[in-house]
Each structure stands twice: as C-alpha cells, then as structure tokens.
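Commentary on secondary and tertiary structure
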Amino acid sequence: MAQIKLPDGSIKEIPDGTTVGQLAEGIGKRLAQAAIVGKVNGKLVDLFYPLTGGPHEVQIITDRDPEGLFVMRHSCAHVLAQALRHLYGTGVQYTIGPVIDNGFYYDIEFPKEVGFSADELPKVEKEMQRIVEQDLPFSREDVAPDRAKDLLHKENQRFKDEIIDELAKQGEQSVSIYRQGDFTDLCRGPHLPSTGRIKAVKLLNLAGAYWRGDAAREQLTRIYGTSFFDRKQLDEHLRMLEEAKKRDHRVLGPRLGLFTIDDAVGQGLVLWKPKGAVVRQELQNFISEHLRRQGYQQVFTPHIGRLGLYKTSGHYPYYRESQFPPLVDRELVDQLAAEGCGCAELANRMEKGEVEGYLLKPMNCPMHIRIFASEQRSYREMPVRLAEFGTVYRWEKSGELGGMTRVRGFTQDDAHLFCTEEQVSGEIQGCLELVKIVLATLGMNQYRVRVGLRDPDSAKYVGDADQWDRAEKACKDAAQTLGVNFTVEPGEAAFYGPKIDFVVRDVIGREWQLGTVQVDYQLPRRFDLAYTGADNKPHRPVMIHRAPFGSMERFIGVLTEHFAGAFPLWLAPVQVAVLSISEKSNAYAEQTADSLKAAGLRVESNLSPDKIGAKIRTATLDKIPYMVVLGEKEQQAGQVAIRHRTEGDKGSMALAEFIERLQQELATRGQAPAVANG
RNA sequence: GCUGGCAUAGCUCAGCGGUAGAGCGCCACCUUGGUAAGGUGGAGGUCCUGGGUUCAAGCCCCAGUGCCAGCUCCA
C-alpha cells in the first residue's frame, strides 16, 4: 500500500502503483476532470505517475492552479513543434521550448529551403488546433541517454544530443522522452493528459535567437505564443498587450510632444522638445530641493576630458567598447599625418598612451573626483557631496537602442559622496531615503530593490574583507531601514564595492534599472584621494556613487508609461487648457489665460471656432489636467467653469479661488487633491 | 553587433510593374455653439538613400541607413 497525505491534511492508503490520475478519480469526478498534473512531495508529475510506498504529500493540480497553466503552456510548445513538423517536414529541428512569463516559445531551425515568416503563424495555429482536436494523449518513457539519442536521431533531431550529453555528464542515468501522436521530444515533463486540454492558444511573434544563447552558434527562429484555459482570458491578455502598446513611451512621447529622435542627429540621441523639457526641468527642480536639504553641493563639469583621466579611473581602455572613440588632439593629428601614420597605428599608440586625446565622458565621477582633489580636505568638512545633472555618452550597440530607455547620450542625476569609513552607513541611508521619496511622490510603487554583494568565492574584488563586510552590512541595513522588499544577490556587486539598485518594470514587462547607489573603494585609491583626519594623518575617503533617477531619459520614458502620458499637475507640460465656448468669449478667455499665466501656471488657450465638445476632447486627449470652460455665463458671473481631465465637470468658481487651489495642489506635488467637487 | 520583419502625406496606414490614395491632423470658409468629434473646401509626397533589372519601378533585385521584435551586451 502507498500512503499519501492530501493538502487538507487527510491521510489515505491506496494500493501501490495507483496513479495520480486514479487517485484524483477516487477523490471526486470533477477533480479528476479538472486534473492537469499532480504534485508529489513538491514535484510536479504526470497524472499517470504511479504512487508507491510513502508517505507522500500529494496535491492534484487543476486548471485553476498557476502550475496547471505552466504545464499547459509547456505542452503547447510541444504541440507547436509538432505542427511545424507536419507543415514543414521532418527537417524541422526543434531545440528548446520553455515556458516563460505569460506564455511559451520554441526555438526552431527550419530547413534551409523554408523561409518562415510571421504571415504563416495563422497557418501553424490552425495545424495546432487540429492536433488539439485530435486529443492526443501525452506519454512518457524513461530511457538511458544513449537510447534517447537513438530515438531522437530517428526523428532527425541533432540539437538534442548536446542536451542529453550534458544531462549524462551531470550523472543522469536515464532521461525522459515524451510523445504525443507522431511527435517525440526529450523533455523533463510533466505534461497535460492529452492535447485536447489546450483550450485557447495564440502564436504571437517570431524573433531570432542563438542556439544556447551563443552568438557564435546556430541562429534559430524563436516562435512566441501564449495560451490560457479559456478564450476569455486569452482575449483579455491580448487586450492588455494592446493597452500596453498605447502606453509605450515611444508612441506617447512623440505624440505628446515630449521628445523626438531624429536620424539626422543620430541614433540613440534624444532631442527634448519644449514639453518634454518642462517635465525634465520640474523633476530636476524637485530633486534639487532635496539635494539642498541633504547638504549636497551642485557642480558643473565639461563633456570631454583628457584620455589620461579615464586611464587613471580605469574606464579607458577597459570599457573602450562602450565608449565613443577618443577625439585626438589637432596638432598631433597633423603631425602624425605628416609622418604617414595610419588609423591602425593611431589606435595602437592611443592604447599605449603615446597619443594625447580627449574622451567624450562615459561617467561623471572622474571629474567630481578632481573637484574633490582640488582642495586640501579635512575630516571636518566630510562628507563632501557633489551633485550634477551630468550628461554622459556611451556607445551602445545599435541593436540595443530604443526610445528613451536605451540611448547613447543621457543625463544622470549624478552625485558622488566622499566620506569617511564611519560615515558610509549614514550616507547610504540618506541616498535610499531620497530614492524612496522620489518614487513615493510619483506613485511608483512597483519596483524591486537588489542589494548586490560580492561573490565570496571570487578574488576579483578590490578592498579588504573588513571594508567589504562593513559596506555590505551598511547596504543591507539601509535597505532594511528603508522598509522595502529587497533581494540580496551575491556576486552582483561591482568589482569596486557593493551596490543597491532600484529596478522598475515597464508596461511591456521589461525591467529597467533606474536608481542606483554604489559604494566604491577603488576610485579613491586610483586617484590617491586623501583627507586629513583628527589625528593629523592622511586618510583615504570612501566614495558613494548614486543616481536616484538613473538617467533623466530612461526615467521619463518609464514615467511616461507609468502615467500613460497623463502627468500630475506639477509635471504636466500644460497644466490648464482655457477653452472658449464661442468666439464671443475669446476676449474673456484670453484675459483669464493671462491671469493664470501671471500666477505662474502653464496655460494653453483654444480659441478656435471648434465647438466646446471638440475642444474638450482635444484637451483630454492631450492629457491636460484641468480645463477652464468660458462662455457668456461665466463672463457675466465673473467666474470660471472648471473641468478635470478624468473627473469631469467641477462646476464654477472665482478665478482667484481656482488659482489658489491649483497652487495648493502644486505645493504638495499632488499628494493632496486640490480641486475637490464643488 | 547578430537574425528576422518593416520603411508611402505631420500621424496611423491602404496600394495594382503603367497618372500616388484614405482617415486623423493642418489651413481657409460657413456655422457662434454649453462639457469627449458641426459642415464644406484646400494645401501637403525625393513613395528612406544609392545602385541595378525593365519600354516603364513606390512595387522586382543588390547594397546602405533607420525603426520594430528578439538574441547578446549593459561601468
């Protein structure tokens, strides 16, 4: 007899060899019908998995469990590969087909004569549907690795060899083969009882992918799909994808006049248009207030600096690939040209440090360090906190660029804190507090925090172990004090010190690193920085790099999506739209707009001959927070009729009162709604 | 950088190897209106760039550039 314990705590005795499916049947008919797979002692197994001995903890996974969806999607990947073989012949090579967030994919190598395109996805879907309707049962066979290879060779598959060899090397005595109908695949499983359990499947797009993620190896076609247990959920998911597309900052940004990226200017170089500049300026003002409060000092530094500076910092040539090539000193170029020096030779000499040149700065820190080093420093003035909205340039590979989130020139809300060893902990806390204020004010609560620590088994880190221990503890403590969920990730530290990253997810599900706080022992040493201690001896300061927004470009890109372009009043490029009912009221409207502008508000008037409905629609689509509707009625009463973008008609009030309320809302940065009903 | 797809009016997109299209936007005129689209007319094109095939190329071929998806990378 086998002993099993069910999730409700009940204990059952069943004959040895009873399958999970049979167990489900014994519990209830409906459960058996809904059953997808079983979970035995925490491991997912097929319904035909036999239970023996025990005691085992057994749970029946149904289509209502997340694991059920996972298994179904995995089975979908198999059906996809099967359909492709039906349509494009046995020359179709299938490699790996895992489940991912919100779906699955399969990496395929098509025979050379097949030019597979996205247009054919519906055809493939139809074939998958046919396979689903046949309701083919999935079966499993456990075989020795060599036997598995033979089986798959019979299916014409060669990629699987490599996976099987690896499993064998890991000591696996047997591997599992799954089959449904005429399809055979190496797979860990488990799978659905049969293909008929797939209810709603949709192939989404294709993309290139490398075999084993290695650019040197075969290029495969990755086919993405998703599936759900009912049509409604699939439709809802597809609708959400559409919705997400509408929030995409690459669409919204240009439409709302925030920024443009112009091929004539260059790839990955952002042109901030007037409305985008307003948003950026407001954010910078906001953060500057907090910088002053926290005792930062603002500095400005140039866009280029001598190559030698970046050799000292270690940025050149170590990160050469991700920098724009150096600018070479004019006189030297002339002289070298006269000598007949070629490009290869020039690069060579530059590397060796024989050629003077300038680098478009990839980071601000070396220049801030030189500011710190420009004076003799006493422990009494520490910490020194130097802040700059500093623009840096990085040579991102062309395929990496996109929108505002991955660009070649960007402005960091950067700062470098030079402090004593004892001050590190407090300074980190101050940095995190700032990030927390920023994100809270903007209502961005969907972020995660990563504390990157050193890998204890690696020797690549600089600084002594004591320092590291203290700094890592300071980072962890600060994250704890901050009161946010954070993960500790050993091996994720920079080589020069531990770090804390804030990662935000955008509407398409991509994650972006925004704010970052990093402790650095390396640069103070490379630049031989020192301050005089109370003991009248020189001491090495510790540096902290921090950027709460990360970069203005990326931050505003993500922020645009976060608000779907509808910025809160304090950030809105246009805060109030003044709309005249008819041209008879244009004069009153203009006068009102002037008063609003005089009060410091950003105002746009619409005095066109459009009807009021159309004007309201336009202003609403432009995401302007407040509308002032002005007709003869308002003029006679000496009032303004207020409409809020999302809340609709707010009734009339005196202009002075409206201004007063807006100013209140601005003062609190929208933390308290200003124009309430009435 | 690699693979695939795409590139036509300011925007979103149709388009057949044979005279370049629609909707929105823009401009003008009519209308002077009351809380998400009033009507009419008009302007606007290097069909991404450079080559090639063809009597004829926006369409077919080659190369380049850019964008999108993904891979790889991301101090």
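Above this text you will find the structure in question.
What counts and what doesn't
- Residues numbered from 1 in each chain as written.
- Chains lettered and ligands numbered in written order.
- Predicted model: local features only at pLDDT ≥ 70, side-chain atom pairs only at ≥ 80, totals over all residues.
- Heavy atoms only, no water.
- Pairing = 2+ DSSP bridges.
- Helix = DSSP H or I, 4+ residues; strand = E, 2+ residues; numbered from the N terminus.
- Core = buried A, V, L, I, M, F, W, Y, C linked by side-chain atoms within 4.5 Å.
- Buried < 20%, exposed > 50% of the residue type's maximum accessible area, 1.4 Å probe, protein only.
- Contact = heavy atoms within 4.5 Å.
- Axes fitted to C-alpha atoms, helices over the stretch in contact; angles between N-to-C directions.
- Left-handed = near helix turned anticlockwise from the far one by under 90°.
- Nonpolar A, V, L, I, M, F, W, Y, C, P; charged D, E, K, R; others polar.
- Near = heavy atom within 4 Å.
- Polar contact = N/O pair within 3.5 Å; in protein donor to acceptor, adjacent residues only side chain to side chain.
- Parallel < 35°, antiparallel > 145°, perpendicular 65-115°, else oblique.
- Salt bridge = Lys/Arg side-chain N within 4 Å of Asp/Glu carboxyl O.

**Some points on the sheet that holds strand S20 (residues 327-328)**
Reading across from one edge, S19-S21-S20 is the order of the three strands in this open sheet, with antiparallel pairing throughout. The sheet is open, and its two edges are formed by strand S19 (304-306) and S20, each paired on a single side. Pairing geometry for S19 and strand S21 (residues 357-360), over three bridges, is antiparallel. Residue pairing in the sheet places Ile-304 in a bridge with Leu-360 of S21.

**What about the nonpolar core?**
Within the largest apolar cluster, 65 residues are counted, with the highest numbers of intra-cluster contacts made by Leu-283, Ile-428, Leu-442 and Phe-555. Considering every element that reaches this core, the biggest residue donor is helix H14 (residues 424-441), with eight residues. Once you skip the residues sitting within four places of it in the chain, Phe-555 turns out to touch Leu-283, Val-438, Leu-439, Leu-442, Met-444, Leu-514 and Phe-549. Among the nonpolar cores identified, the runner-up in size contains 46 residues, and Val-71, Tyr-94, Leu-136 and Leu-220 belong to it.

**So, the packing of helix H18 (residues 586-598) against helix H21 (residues 655-667)**
Packing of H18 against H21 brings their axes to within 11 Å, and their N-to-C directions diverge by 35°. By crossing handedness, the relation of H18 to H21 is classed as right-handed. Residues Thr-592, Ser-595 and Leu-596 of H18 form the contact with H21, whose participating residues are Leu-655, Phe-658 and Ile-659. Looking at side-chain class alone, the contact of H18 with H21 contains four nonpolar, two polar and no charged residues.

**Structural notes on the protein's contact with RNA strand B**
In the neighbourhood of RNA strand B, 45 residues make up the surrounding shell, with Ser-322, Ser-398, Glu-400, Arg-617 and Glu-634 lying closest. Here the atoms of RNA strand B within 4 Å of the protein split so that 46% fall in sugar or phosphate, with bases taking the remainder. In this structure, Glu-400 approaches RNA strand B through a side-chain N or O atom, which is 2.4 Å from a base nitrogen. Note that a base nitrogen of RNA strand B is positioned 2.4 Å from one of the side-chain N or O atoms of Glu-634. Only strand S14 (200-210), strand S15 (219-228), helix H19 (612-621), helix H20 (632-637) and strand S34 (639-644) provide two or more residues apiece to the surface near RNA strand B. No other element matches H19, which puts seven residues into the surface near RNA strand B. Partitioned by chemical class, the residues of the surface near RNA strand B number 16 nonpolar, 14 polar and 15 charged.

**Quick look at the side chain of Thr-95**
By secondary structure assignment, the location of Thr-95 is in the loop between strand S8 (93-94) and strand S9 (99-100). Under the relative-accessibility criterion, Thr-95 is labelled buried at 1%. Discounting residues that sit within four places of it in the chain, Thr-95 has contacts with Tyr-106, Asp-107, Phe-159, Lys-160, Ile-163, Trp-211 and Leu-220.

**Some words on the packing of helix H5 (residues 145-154) against helix H6 (residues 159-169)**
The interhelical angle for the contact between H5 and H6, taken along N-to-C directions, is 175°, at an axis separation of 10 Å. In terms of orientation, H5 and H6 fall into the roughly antiparallel class. Contacts from Pro-145, Ala-148, Lys-149, Leu-152 and His-153 of H5 reach H6 at Lys-160, Asp-161, Ile-164, Asp-165 and Ala-168. When the residues that make up the contact of H5 with H6 are grouped by side-chain class, the tally is five nonpolar, one polar and four charged.

**Quick look at the pattern of salt bridges**
Under the defined criterion, the tally for this structure stands at 34 salt bridges. Between Arg-320 and Glu-321 there is a salt bridge; the shortest N-O distance is 3.7 Å. The salt bridge involving Asp-469 is made with Arg-454; its shortest N-O contact spans 3.0 Å. Here the residue Asp-469 occupies a position in helix H15 (residues 465-482), and Arg-454 occupies one in the loop between strand S24 (447-453) and H15, the gap between them amounting to 15 residues. Assessed through its relative accessible area of 41%, Asp-469 is described here as partly exposed.

**Quick notes on the environment of Phe-563**
Its place among the elements puts Phe-563 in the loop between helix H17 (552-562) and strand S31 (576-580). Through-space distance from the C-alpha of Phe-563 to that of Leu-442 is 9.1 Å; in sequence the pair is 121 residues apart. If we ignore the near neighbours within four places in the chain, the residues touching Phe-563 are Arg-247, Leu-442, Pro-568 and Leu-571.

**Thoughts on the sheet that holds strand S13 (residues 183-186)**
Across the sheet, which stays open at both edges, the three strands sit in the order S11-S12-S13 with antiparallel pairing between neighbours. Both outer strands of the open sheet, strand S11 (138-143) and S13, are each paired with one neighbouring strand and no more. Taking the axes of each pair of neighbouring strands and ignoring which way they run, one obtains an average angle of 25° across the sheet. Looking at chain direction, strand S12 (residues 175-180) and S13 are connected through four bridges and run antiparallel. Of the residues in S13, the one forming a bridge with Tyr-178 is Asp-185. Across the sheet, helix H3 (residues 66-88) is in contact with S11, S12 and S13; its angle to S13 comes to roughly 130°.

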